[in-house]
Amino acid sequence: MTTQYNYNRRGSGTFYAFLLAVVLGAVALGLFLRQAKSGAMGRIASLITGRSTSIVSAPGVIERIQRLNRLETVVYSLDTVVEGNKSSAVLPDLLAGDRLLMIVRGQTIAGVDMSQMKPDDVQILENGNVRTVRIVLPPSQVFVTTIDNQHTRVYVRSTGLFVQADKDLESETRARAQAELQKAALEDGILDAASKNARSTVTAMLEGFGFQKVEVR
């Protein structure tokens, strides 16, 4: 019985030692594959996994970034009151005027159209194990400005005694409100914010591709 007990104990210890070695080896391999992004280590990792651990060419970077297409990075929302009016050149507004006040809610969306990127906009440099990518993004732009019709309404309207309400005044006021909304967004720096957010997004993406140094402007 003693001999049998000692044999099982030695076998159990060997098994657990083997299991521990396998676990530690798997952890070490995982850390190696995660850190090996470039150079000789990157090539070894690629052989082990059967796939590339990083994007090594400018065309490859361009292709990935262009997939972002129209990258919307800022939504500018605004609630405001807009006045619309029509007056007579002869009679006072009390007799021939048409005036309304409209509560307007709308938004302007801005971002960067990544499909406009060109091959010259990407540079990849290698210095030892440090891979640097330099990107020049297209300028930011306003994609669209819209009025939220569900939350936009006329709350005051007054019409002169001698005239009927102008059927086009409300639509004309909405159009002017849309233009004023976009102007306010531009004055508040929506394009600068869109560029900044786009740079942050692209920087995070490129770091995920394995570049140690990323310069986006």
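Residues numbered from 1 in each chain as written. Predicted model: local features only at pLDDT ≥ 70, side-chain atom pairs only at ≥ 80, totals over all residues. Heavy atoms only, no water.

**Student:** Just give me the short version of the packing of helix α3 (residues 58-66) against helix α6 (residues 190-208), but keep the residues and values in it.
**Tutor:** Two elements in contact, α3 and α6, have axes whose closest approach is 12 Å; the angle formed by their N-to-C orientations is 130 degrees. On the basis of their axis angle, the class for α3 and α6 is oblique. Crossing geometry of α3 relative to α6 is assigned as right-handed. Of α6, the residues touching α3 (which contributes Val-61, Arg-64 and Ile-65) are Val-202, Met-205 and Leu-206. Looking at the contact of α3 with α6 residue by residue, the class counts come to five nonpolar, no polar and one charged. (Axes fitted to C-alpha atoms, helices over the stretch in contact; angles between N-to-C directions. Helix = DSSP H or I, 4+ residues; strand = E, 2+ residues; numbered from the N terminus. Parallel < 35°, antiparallel > 145°, perpendicular 65-115°, else oblique. Left-handed = near helix turned anticlockwise from the far one by under 90°. Contact = heavy atoms within 4.5 Å. Nonpolar A, V, L, I, M, F, W, Y, C, P; charged D, E, K, R; others polar.)

**Student:** Describe the sheet that holds strand β3 (residues 122-127), naming the residues involved and giving the relevant values.
**Tutor:** Spatially, the three strands line up as an open sheet ordered β3-β4-β7, and their pairing is mixed. Each of the sheet's edge strands pairs with one partner strand only, and the pair in question is β3 and β7 (213-216). Strand-to-strand twist in this sheet, taken as the mean axis angle between neighbours without regard to direction, amounts to 15 degrees. Bridge analysis of β3 against strand β4 (residues 130-135) gives six bridges, and the strand direction is antiparallel. Note on β4: the bridge partner recorded for Leu-125 is Thr-132. Where α3 meets the sheet, its contacts fall on β3 and β4, and the angle it forms with β3 comes to roughly 130 degrees. (Pairing = 2+ DSSP bridges.)

**Student:** Describe the packing of aromatic side chains, with residues and values.
**Tutor:** The geometry of an aromatic ring pair is captured by two quantities: the separation of the ring centres and the angle between the planes. Summed over all chains, the structure comprises zero aromatic pairs. The ring of Phe-143 carries Arg-70 above its face, with NZ or CZ at 4.1 Å from the centroid. (Phe/Tyr/Trp six-rings, centres within 6.5 Å; stacked < 30°, edge-to-face > 60°. Lys NZ or Arg CZ within 6 Å of the ring centre and 35° of its normal.)

**Student:** Could you give me a rundown of unusual backbone geometry, with the residues and numbers involved?
**Tutor:** With the exception of glycine, most residues fall at negative phi, and the peptide bonds are largely trans. Non-glycine residue Asn-69 carries a positive phi angle of around 55 degrees. Within the secondary structure, Asn-69 is located in the loop between α3 and β1 (70-86). In this structure Asn-69 comes out as partly exposed when scored by relative accessible area, which is 41%. (Buried < 20%, exposed > 50% of the residue type's maximum accessible area, 1.4 Å probe, protein only.)

**Student:** So, the environment of Asp-121: which residues are in play, and what are the values?
**Tutor:** Structurally, the position occupied by Asp-121 is in the loop between β2 (98-113) and β3. With relative accessibility at 12%, the residue Asp-121 sits in the buried group. Through-space distance from the C-alpha of Asp-121 to that of Leu-137 is 7.1 Å; in sequence the pair is 16 residues apart. Residues in contact with Asp-121, not counting those within four places in the same chain, are Gln-116, Arg-134, Ile-135 and Val-136. A polar side-chain atom of Asp-121 sits 2.8 Å from the main-chain amide nitrogen of Lys-118. (Polar contact = N/O pair within 3.5 Å; in protein donor to acceptor, adjacent residues only side chain to side chain.)

**Student:** Residues and numbers for the pattern of salt bridges, please.
**Tutor:** Here the structure, examined in full by the defined rule, presents 12 salt bridges. Note that Glu-83 and Arg-99 form a salt bridge whose closest N and O atoms lie 2.8 Å from each other. With Glu-83 in strand β1 and Arg-99 in strand β2, this residue pair connects regions lying 16 residues apart in the sequence. Take Glu-83: its relative accessible area is 32%, and that puts it in the partly exposed class. Look at the salt bridges and you will find they share partners, linking Arg-134, Lys-213 and Glu-215 into a network. (Salt bridge = Lys/Arg side-chain N within 4 Å of Asp/Glu carboxyl O.)

**Student:** Tell me about the side chain of Thr-132, residues and numbers included.
**Tutor:** With respect to the secondary-structure elements, Thr-132 resides in strand β4. The exposure class assigned to Thr-132 is buried, which follows from its relative accessible area of 10%. Beyond its immediate sequence surroundings of up to four residues, Thr-132 is in contact with Gln-123, Ile-124, Leu-125, Phe-211, Lys-213 and Glu-215.

**Student:** So, the confidence of the model for the chain: which residues are in play, and what are the values?
**Tutor:** With 73% of its residues at a pLDDT of at least 70, the chain reaches an overall mean of 77. Here helix α1 (residues 2-35) is the element of the chain with the lowest mean pLDDT, 46, and strand β5 (residues 140-147) is the one with the highest, 95. Predicted confidence for residues 1-12 stays below pLDDT 50, and this span has zero contacts to residues more than four positions away or in other chains. Across residues 45-53, confidence stays below pLDDT 50; counting only partners more than four residues off in sequence or on other chains, it has 15 contacts. (pLDDT = per-residue confidence, 0-100.)

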